[in-house]
Structure formats: structure tokens, C-alpha cells
Amino acid sequence: FKTERFGQHILNNPLVAQGIVDKANLKPTDNVLEVGPGTGNLTVRILDKAKHVTAVEMDPRMAAELTKRVQGKPEQRKLDIIIGDFVKAELPYFDVCISNTPYQISSPLVFRLLSHRPLPRVCILMFQREFALRLVARPGTEFWSRLSANVQLYAKVDHVMKVAKSCFRPPPMVESSVVRIVPLDPPPPVRFEEFDGLTRIIFGRPNKVLHANFQARGVLEMLEANWKTWCSQNDKIIEDGVSFKAKVDQILRDTGMFDSRAAKMDKDDILKLLAAFHDEGIHFA
Ligand code: SAM
């Protein structure tokens, strides 16, 4: 039960553990955030290379084991353990994040790291293989998805290694991969909620043409309500006679994307489309 609840699969292959930490290229001045240290197989290797580690661990018994592991050693003063849920924890300053966390918190982990300020220099994270493939996917390939676009808006993502089930105790049900996430600094000047609102619509059915996705239930109604709010806030008169749907279709035509499909659009296409809607006062969040 415990293993299930906390997704506890301890990485007990020393070469893989060292390989993950090496991928971070730690500097002796680095402050590192580790999420879900478990018994500390990554932690001790990070402590060896970095100035300081803050480890956020939800299971007090794991935290106790980790404390015991460094007790009385010089590394002890370089380690702070926060006992609690990473999703809610208050985070300290950090340069680098390294994590082998349970796969249930994969999305919140990535988006919390990308919205943290100041931005981390690099994040080395273990994920379920398919999630990792979606993070690194390029437009027009099998795993290109809303997740790919949303994350790649803010970061450069690479696949760094595959990790077999047999490297963990107990072995998980799924294959794993380690990815490197390098946040774009400065980040693009786009509100995430806006970009995400647009990708939610166009990736609704990624292989359908855009104008069809805009006709999905509730979409035009929601956008029209946002547009009317924007018009009243900006003292714009809403002219009679032009249907909102016609307005949306015109924007799709003007950008040349009426018949485009999200499955093949890259980040810049999506940004261009978002800007065209914004120029007309149409917002997605
Ligand atoms: N990092 C260790 C390793 O590689 O051997 C342990 C990995 S194990 C897959 C995941 C760890 O994350 C467990 O120790 C678990 O208790 C902890 N954990 C689970 N959910 C968490 C959360 N929401 N916040 C912080 N830690 C969490």
C-alpha cells in the first residue's frame, strides 16, 4: 500500500544513479533541489558535487532514513530535508533540480519548475517513458501533443537516457527515461494560460483541421464571452451583423491556418496564431 501511494521505486543501480547526477554537470557553487529523495541514492551523489541540497520528501520514514544516512558526516550540514508534498511545499532558491519522483506528479512537477523564479539552470528528471517522449517530441511525429507544445514554449528538452525496470526495487510497471529540461531564460513574453487555452482547443483532436476544432462544443461561446469582456474593458463597440464564428474563421484564413492541423504545427505557428487572435481582442483565458 505504501509503495503504491508514494510511488516508491528505489533506484538501486549505482551506475544509473551516478549517470543521472553527472548529466546535471553540477558546479561546487550549486544549490540543488531534489524532489522525492527516498533513501538518498541520488542525494549522496549530489551532495558530493554541490554546495547545498534541499530535498522534499513526502514520506517521513524515507526522510528519517535519509537523515540517518548523512548523520555525523560532513555532508549533513549541506542537506535540508523538507517533509511534505512537493506540489504544496514552499521552495527555496535553487540552481538545479534533480528528481526521480512518482509518475503521478510528472505534470505538476514540470510546470512548477518552469514557473519558478528565478528559473533553474537545468532540471534532470526521471519520467515514465511515454511522458518523456511527449516532452521531447517534434511536430509531425507520433508523440507531439499539447504537453510537448506547452513545455517547449518555455524550455529546451532532451532525452538523456533510458532506464530499465530492472534498475528499480521494486521494479515499476512501466519503462522509464531521464530528460534534461533547460528553461529558456528569459522566457517568451506570453501568458501560459493564454497559450495553454489555445493548445487545449487545437489539440482537442490534433489531426482535425483547426476550424473544426474551433467548432467543438462550448469553444466559440467561451471565446465570444472573453471577447465581449475585452471589448467592454477597452471601450470597443461591438458591431451588429458579423457573427463571432465568421470573425474566428477570418482570423484562421488570414493566418493561412484554416486547414492546418495541430499535429503538424510547431511552436512558432501556434504563437503566430495566438498573436493574431490577440490582435482582434480574442483571449483564451
Ligand atoms: N529518488 C529516490 C531514488 O531514486 O531511489 C526515490 C524514488 S521513488 C520513485 C519516489 C520518492 O518520492 C519516494 O521516496 C516517495 O516517498 C517520494 N514522493 C512521492 N510523492 C511525493 C510528493 N508529492 N512530494 C515529495 N515526495 C514524494
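The preceding data block contains the structure.
Please read these numbers as outputs of a predicted model, since none were measured by experiment. (Residues numbered from 1 in each chain as written. Predicted model: local features only at pLDDT ≥ 70, side-chain atom pairs only at ≥ 80, totals over all residues. Heavy atoms only, no water.)

## Description of the site of the ligand
In the region of the ligand, 22 residues are neighbours, and Gln8, Gly36, Glu57, Asp85 and Asn100 sit closest. A distance of 3.0 Å separates a nitrogen atom of the ligand from a polar backbone atom of Phe86. Here an oxygen atom of the ligand sits 2.7 Å away from a polar atom, N or O, in the side chain of Asn100. Against a free-state accessible area of 590 Å², the protein chains account for coverage of 98% of the ligand. Placement of the ligand is best described as lying within the largest pocket. By residue class, the composition of the shell around the ligand is eleven nonpolar, seven polar and four charged. (Near = heavy atom within 4 Å. Polar contact = N/O pair within 3.5 Å; in protein donor to acceptor, adjacent residues only side chain to side chain. Areas by Shrake-Rupley, 256 points an atom, 1.4 Å probe, with all protein chains shown as cover. 1 Å grid on protein atoms, 1.4 Å probe; cavity = no way out; pocket = protein on both sides within 12 Å on 5 of 7 lines; lining within 4 Å. Sits in = over half its atoms within 2 Å of the grid points. Nonpolar A, V, L, I, M, F, W, Y, C, P; charged D, E, K, R; others polar.)

## Regarding the packing of aromatic side chains
For the structure shown, the criterion picks out seven aromatic pairs. Centroid distance Phe111 to Phe192: 5.3 Å. Interplanar angle 40°. Geometry classified as tilted. Here Phe111 is found in helix 5 (residues 106-115), whereas its partner Phe192 is found in helix 8 (residues 192-202), with 81 residues between them in sequence. Overall, the relative accessible area of 22% leaves Phe111 in the partly exposed class. A residue is classified by how much of its surface remains accessible, and Phe192, at 24% relative accessible area, is partly exposed. Ring centres of Tyr154 and Phe192 lie 6.1 Å apart, and the angle between their planes is 50°; on these two criteria the pair is classed as tilted. In this pair, Tyr154 is assigned in the loop between helix 7 (146-152) and strand 7 (155-163) and Phe192 in helix 8, connecting sequence segments 38 residues apart. Classification of Tyr154 by relative accessible area gives buried; the value is 9%. A network of ring pairs unites the aromatic residues Phe111, Tyr154 and Phe192 as a single cluster. Across from the ring centre of Phe258, 4.3 Å away, lies the NZ or CZ of Arg253, which sits over that ring. (Phe/Tyr/Trp six-rings, centres within 6.5 Å; stacked < 30°, edge-to-face > 60°. Helix = DSSP H or I, 4+ residues; strand = E, 2+ residues; numbered from the N terminus. Buried < 20%, exposed > 50% of the residue type's maximum accessible area, 1.4 Å probe, protein only. Lys NZ or Arg CZ within 6 Å of the ring centre and 35° of its normal.)

## So, the sheet that holds strand 9 (residues 176-183)
Either a parallel or an antiparallel arrangement is found when strands of a sheet pair, and the pairing is made through backbone hydrogen bonds. Spatially, 4-3-2-5-6-9-7 is the arrangement adopted by the seven strands of the open sheet, whose pairing is mixed. Strands at the two margins of the open sheet, each flanked by one partner only, are strand 4 (79-83) and strand 7. Taken pair by pair, the neighbouring strands of this sheet meet at an average axis angle of 20°, ignoring direction. The pairing of strand 3 (residues 52-57) with strand 4 spans five bridges and is classified as parallel. The partner of Thr54 across the bridge, within strand 4, is Asp80. (Pairing = 2+ DSSP bridges. Axes fitted to C-alpha atoms, helices over the stretch in contact; angles between N-to-C directions.)

## A few points about the pairing of strand 3
Along strand 3, six of the six residues are buried, which leaves the element largely enclosed by surrounding structure. Burial along strand 3 is two-sided: His52, Thr54 and Val56 facing one way and Val53, Ala55 and Glu57 facing the other are all buried. Pairing geometry for strand 2 (residues 31-35) and strand 3, over five bridges, is parallel. Its bridge partner being in strand 3, Glu34 is matched across the sheet by Ala55. In this fold, strand 3 hands off to helix 4 (residues 60-70), which returns the chain to strand 4; that crossover is right-handed. (Right-handed = clockwise from strand over helix to strand, strands pointing away.)

That is the geometry; function is a separate question.
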